[in-house]
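# A look at the structure
So you can see what is in the structure, the chains are spelled out below.
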Amino acid sequence: PDSRIRARSSRENTRRDDTLFTHHSFEMISASKCVQCTQIRSSFSSERKDDVHQNRLKSSSNSGKTFRFSNRHVFLAKKKRKNGRTSSNNNTKTVIVSASSSNNNNNSNRKYNFSAGPAMLPLDVLEEAQKDLVDYKGTGMSVLEMSHRGKDFMSIAAKAEQDLRELVNVPENYKVIFVQGGASTMFASNALNLCPTGKEKADFVTTGAWSKKALGEAKKFCDAGEAATSKESNFSTIPERNTWNLRDGAKFVHICENETIGGVEFKETPVGLPDGAVLVADHSSNYLSKPIDVNKYGIIYGGVQKNIACAGMGIAIIREDLIGNAAPNTPTMLDFSTHSENESMYNTPPCYTWYISGLVFAKLLREGGLSAMEKRNQEKAKVLYDTIDASAGYYNCPTDLKYRSMMNVPFTLAKGGDVEKQFLKEASDAGFESLKGHRSVGGARASIYNAMPKEGVEALAAFMKDFQSRNA
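Note that the coordinates shown come from a computational prediction; the quantities given were computed from them, not determined experimentally.

In this section: the overall build of the protein. Along the backbone of the protein there are ten helices and 22 strands. In the protein, which comprises 472 residues, the proportion classed as buried is 54%. For the protein, the exposed surface amounts to about 21700 Å²; the carbon and sulfur share of it is 47%.

Right, dumping it as structure tokens:
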């Protein structure tokens, strides 16, 4: 059929038991034109024809050695055996079945990288950067070598900001700055710029490790308080808005939109803040994963190494009236006005990261913008969460169903211990990179940012189902 490749057999009674590949991008490479079905031991079963994963991975002692699994995995089928011996039939050949992505045929060694950051980047962005690495657009220079004040890089920077503004629909009264240091540096700059005397109040909602760190840093520079926390639930949920103890006179209220470690995500932008308070939000791990109503925020900020580009830069979208009021002792590089007044080029910026960010912005615009990206991310997350929820407790996601992240999916195995270690090892051997959970919580975690294709999540889900069947 159109998008399927069936392992054909001369034996009618084996056809149903052998491999049926469902992904349209699968290829069969054979040493002979006629391949006997028994050469390829079942890699997928057809137990549930109504399931999108109806042909999931199936392992047994008779299977060929698995070198990888997923759309980039290779199965080496054994030769047909007869009476326990390898057949000498010349028509029986060793067959390699390669499940490589149809648009990734020249990069079949690339893994599905589930790292929380630095994270997977879109392949076409990497390939464009590779093509222009030595000679960018005929300039005779790499972007790595360009002066940040030269016309070539200035053009790159200007287009990146223009595309970001279009992508996020940034209002004219907001500045966009590209800065060194990432979100952790901004923990301090937020307080220094919004609380100039050091006595102003700032309220924090702590929902995980990163909002907790933001609070700790702000305490050095202002009267920072914890308005609400989900610590008692091990940061597995987000406190309901009506439980927040916000103080009158607070200059800002801070949240982390998506907690990378705990896998909880705000689904609505908080409203009803005290008069004069602005919302400041760390978007590091869900930046550009869905539409943002910029007008509801005073500051949107985050590092780019998770969901936008390579490491080395942070991006902040700041309402103009919040710039220019920094504390007198604010370091130059932490003062928003330094970057705003100098178009983020007071000193040499992280040029290459800025360039890669621009390529990603342009790609997102070409592919339908943030609404389209949100739809794809919802579909990917559903595949993984459905697999966990359908496992009858074999896998468990500890986060509150209401606040499950689209970007970071933590899960544990009920058997824990050695079985969990075995799962992580087999997953790594199979080509699924960086699934180990954060050292503070353990278990496993799949970060499925924008660049992770749906086929990668489907491949992981199939692997999880197979592992469960073999280790129930």
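After that view of the structure, there is still more to cover.
So, on to the sheet that holds strand β16 (residues 278–282). With respect to topology, seven strands assemble into an open sheet ordered β10-β18-β17-β16-β13-β11-β12, the strand pairing being mixed. Unpaired on one side and paired on the other, β10 (174–179) and β12 (223–229) mark the two borders of the sheet. For this sheet, the mean inter-axis angle between neighbouring strands, taken without regard to orientation, is 20 degrees. Strand direction decides the pairing type here: β10 and strand β18 (residues 314–319), joined by six bridges, are antiparallel. What sits directly across from I177, in β18, is A316. On top of the sheet, helix α4 (residues 182–194) reaches β10, β13 (250–256), β16, β17 (299–303) and β18; it is set at about 155 degrees to β17, its chief contact.

Now for helix α7 (residues 351–366). For an α-helix, 3.6 residues make a turn, and residues three or four places apart therefore share a direction. The end-to-end C-alpha distance of α7, which contains 16 residues, comes to 23 Å, matching closely the 22 Å that a straight helix rising 1.5 Å per residue would cover. Following α7 by one or two positions, G368 adopts a phi angle in the positive range, close to 105 degrees.

Once that is clear, we can look at the environment of V304. Positionally, V304 belongs in the loop between β17 and β18. Owing to a relative accessible area of 0%, V304 belongs among the buried residues under this scheme.

At a minimum axis separation of 9 Å, helix α8 (residues 369–389) and helix α10 (residues 454–470) run at an interaxial angle of 5 degrees. By the angle between their axes, α8 is roughly parallel relative to α10. Here E379, K380, V383, L384, T387 and I388 of α8 lie close against α10, whose contacting residues are K454, V457, E458, L460, A461, M464 and K465. Grouping the constituent residues of the contact of α8 with α10 by class yields seven nonpolar, one polar and five charged.

Under the criterion given, the structure shown has 23 salt bridges. For the salt bridge of E161 with R165, the shortest nitrogen-to-oxygen distance reads 3.2 Å. With a gap of four residues between them, E161 and R165 both fall in helix α3 (residues 151–168), about one helical turn apart. For E217, the salt bridge identified is with K220, shortest N-O distance 3.1 Å. K220 sits in the exposed class, given a relative accessible area of 59%. Each member of the salt-bridge network shares a partner with another, and the members are D124, K363, E367 and R376.

Between G117 and P118 the backbone carries a cis peptide bond, its omega angle lying at -5 degrees. Relative to the elements of secondary structure, P118 occurs in the loop between β9 (112–113) and α2 (123–131). Here N169, not a glycine, exhibits a phi torsion of approximately 60 degrees, which is positive. Tracing the sequence through the fold places N169 in the loop between α3 and β10.

This brings us to the packing of helix α9 (residues 417–429) against α10. Their axes nearest at 11 Å, the elements α9 and α10 cross at an angle of 135 degrees. Taken together, the axes of α9 and α10 are oblique relative to one another. In this structure, α9 meets α10 at a crossing whose hand is right-handed. Of the residues in α10, those touching α9 at V419, Q422, F423, E426 and A427 are F463, M464, F467 and R470. Of the residues that constitute the contact of α9 with α10, the class distribution is six nonpolar, one polar and two charged.

Another aspect to go through is the nonpolar core. Grouped together as the largest cluster of nonpolar side chains are 53 residues, with contacts concentrated most on F153, V168, L288, I315, I317 and F361. When residues of this core are assigned to their parent elements, the largest contribution, eight residues, is made by α7. Residues contacting L288, with those up to four places away along its chain left out, are L164, L167, V168, N307, I308, F361, L364, L370, M373 and N450. Among the nonpolar cores identified, the runner-up in size contains 38 residues, and Y112, L384, F423 and A427 belong to it.

Let's shift gears to the pairing of β18. β18 sits mainly inside the fold: five of its six residues count as buried. Here β17 runs beside β18; their pairing, made up of five bridges, is antiparallel. Note that in β18 the partner of G302 across the bridge is I315.

Attention now goes to the confidence of the model for the protein. Per-residue pLDDT for the protein has a mean of 82; in total, 77% of the residues score no lower than 70. Segment residues 1–105 is flagged for pLDDT under 50; beyond a separation of four residues in sequence, or across chains, it makes 207 contacts in the model.

Once that is clear, we can look at the sheet that holds strand β20 (residues 408–413). Overall, antiparallel pairing links the three strands, which are arranged β19-β20-β22 in an open sheet. The open sheet has two free edges, formed respectively by β19 (395–396) and β22 (444–447), since each of these has just one partner strand. Taken together, the two bridges between β19 and β20 define a ladder with antiparallel strand orientation. What sits directly across from N396, in β20, is T412. Along the sheet, α8 contacts β19, β20 and β22; its crossing angle with β20, the most-contacted strand, is approximately 20 degrees.

Rules of the game
Residues numbered from 1 in each chain as written. Predicted model: local features only at pLDDT ≥ 70, side-chain atom pairs only at ≥ 80, totals over all residues. Heavy atoms only, no water. Helix = DSSP H or I, 4+ residues; strand = E, 2+ residues; numbered from the N terminus. Buried < 20%, exposed > 50% of the residue type's maximum accessible area, 1.4 Å probe, protein only. Areas by Shrake-Rupley, 256 points an atom, 1.4 Å probe, with all protein chains shown as cover. Pairing = 2+ DSSP bridges. Axes fitted to C-alpha atoms, helices over the stretch in contact; angles between N-to-C directions. Contact = heavy atoms within 4.5 Å. Expected span 1.5 Å × (residues − 1). Parallel < 35°, antiparallel > 145°, perpendicular 65-115°, else oblique. Nonpolar A, V, L, I, M, F, W, Y, C, P; charged D, E, K, R; others polar. Salt bridge = Lys/Arg side-chain N within 4 Å of Asp/Glu carboxyl O. Left-handed = near helix turned anticlockwise from the far one by under 90°. Core = buried A, V, L, I, M, F, W, Y, C linked by side-chain atoms within 4.5 Å. pLDDT = per-residue confidence, 0-100.

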